[in-house]
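Overview (structure and organization)
The lines below spell out each chain.
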Amino acid sequence: MNVSSLQPTRIILDTDLGSDCDDAGALAVLHALADRGEAEILACLYSSGRNTHGPGCIAAINAYYGRPGILIGAAEASDLGDPRNDFLEAIATNKALYGHTAVSRDDVPDLVTVYRQALAMAPDRSVQIVSIGHTKGLFDLLGSQADAASALPGRELVELKVKTWVAMGGAFPFENKAGWNFGANGAARYSRRVVETWPTPIIFSGDELGNAIQTGRALSRTPIRNPVREAYRLWQNALDTGRASWDQTAVLFAVRGAQDYWDLAQGRCDVDDSGRIEWRNDPQGSHAYLAKKMSPATLAEVIEELMVQPPVLAG
């Protein structure tokens, strides 16, 4: 399968790393795609307000892959997100092993500031925003005011610079539940308003899509100093048992598109105040969701190959 392109896909990753280990796996996939010339990582945003060490863990992973200079922003402390700390603090505070500098949210700029900076520097309609956490950061971006980076307010800046929002979230196909990222973690009131007012196409990678795609065990073949390996080891022993690949699917699509991996169902998605979705089929709709096509086992091989790919830029 030929996945090369003349221009790497510009990616901003919005994550709640720590609520599960698949966020770390998704970041590994993204760096591997960047090493192959398929992606350019503009920024990593940490959207959770309930654990201060998320930015430090992101910084450790970025340093391991030889990209310590990637912009990192963090949401302010709040009661939104998952407080679990299975691996964040252990990785974030081990600067001697991983070679990073930022440890906590106090060491990085505000999430919206970094969002606006990364978007302002990008060519028009060139950025794929991939959210693999809740939607509060995107809500804050849309409502942001002009600043030193751009004279445009948030919604207009997004409309000018973003090509697509790839959202890991939503219960497709249409189960009567809110799902984690769109509602179960407390973000439902933001999810409804963001989906309703987002000015570019949205592609949803639903909660059910990654359930059968089990990855992570192959990370045991990577060096012990790999922070992604450590995240999986500390998360319910996922290094031995594997873990579903919800977030990796969203990143893979954002960079490579549907290809032979998925079908796209076109239409319009509405999110209610509890985070549940209502879907209307429409060939002309500005929304779509990923539907199963390739077998989960084959997709797992594709994703895991990227997750264990050795860093190209690491010293």
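Whatever comes next refers back to the structure up there.
**Structural notes on the pairing of strand E2 (residues 39–46)**
For E2, a buried count of seven out of eight residues is recorded, marking the element as mostly surrounded by other parts of the structure. Relative to E2, strand E1 (residues 9–15) runs parallel, the two being bridged by seven bridges. Each residue of the ladder has a partner; that of Ile 12, found in E2, is Ala 43. Inspection of the sheet shows E2 paired to strand E3 (residues 71–74) by four bridges, in the parallel sense. Bridge pairing in E3 links Cys 44 to Ile 72. For the crossover that starts at E2, traverses helix H2 (residues 54–64) and ends in the parallel E3, the hand is right-handed.

**Considerations on the sheet that holds strand E4 (residues 127–131)**
Strand order across the open sheet formed by nine strands is E3-E2-E1-E4-E5-E6-E11-E9-E10, with mixed pairing between neighbours. Of all strands in the sheet, those bounded by a partner on one side alone are E3 and strand E10 (277–281). Neighbour to neighbour, the strand axes of the sheet diverge by 30 degrees on average, direction disregarded. Sitting on the sheet, helix H1 (residues 22–35) is in contact with E1 and E2, with an inclination near 155 degrees to E2.

**Examining helix H7 (residues 154–161)**
Among the residues of H7, Gly 154, Leu 157, Val 158 and Lys 161 are the ones counted as buried. One face of H7 carries all of its buried residues, which in axial projection span an arc of 100 degrees. Looking at the packing, one finds that the buried side of H7 touches helix H5 (111–121), E4, helix H6 (136–142) and strand E5 (162–168).

**Points about the side chain of Asp 35**
Residue placement: Asp 35 occurs in helix H1. Overall, Asp 35 belongs to the buried group, its relative accessible area being 16%. With residues near it in sequence (within four places) discarded, Asp 35 still touches Tyr 65, Arg 67, Gln 309, Pro 310, Pro 311, Val 312 and Leu 313.

**Topic: the nonpolar core**
Among the nonpolar cores identified, the biggest contains 69 residues, and Leu 30, Phe 87 and Val 130 are the most heavily contacted of them. Broken down by element, this core gets its largest block of residues, nine residues, from H1. With sequence-adjacent residues up to four places away left out, Leu 30 is seen in contact with Ile 11, Leu 13, Ala 39, Ile 41, Val 251 and Val 255. Leu 119, Leu 138, Leu 157 and Phe 172 belong to the second-largest nonpolar core, a separate cluster that totals 35 residues.

**A look at the pattern of salt bridges**
Overall, the coordinates contain 15 salt bridges when judged by the stated rule. The salt bridge partner of Arg 116 is Asp 147, with a shortest N-O separation of 2.9 Å. Highlighted residues: Arg 116 in helix H5 and Asp 147 in the loop between H6 and H7, separated in sequence by 31 residues. With a relative accessible area of 31%, Asp 147 lands in the partly exposed category. A salt bridge links Asp 270 to Arg 280, with the shortest nitrogen-to-oxygen separation between them at 2.6 Å. With Asp 270 in strand E9 (residues 262–271) and Arg 280 in strand E10, this pair connects stretches of sequence that are ten residues apart. One continuous salt-bridge network, built from bridges that share partners, spans Arg 192, Glu 196 and Asp 273.

The rules we used
Residues numbered from 1 in each chain as written. Predicted model: local features only at pLDDT ≥ 70, side-chain atom pairs only at ≥ 80, totals over all residues. Heavy atoms only, no water. Buried < 20%, exposed > 50% of the residue type's maximum accessible area, 1.4 Å probe, protein only. Helix = DSSP H or I, 4+ residues; strand = E, 2+ residues; numbered from the N terminus. Pairing = 2+ DSSP bridges. Right-handed = clockwise from strand over helix to strand, strands pointing away. Axes fitted to C-alpha atoms, helices over the stretch in contact; angles between N-to-C directions. Contact = heavy atoms within 4.5 Å. Arc of directions from axis to C-beta. Core = buried A, V, L, I, M, F, W, Y, C linked by side-chain atoms within 4.5 Å. Salt bridge = Lys/Arg side-chain N within 4 Å of Asp/Glu carboxyl O.

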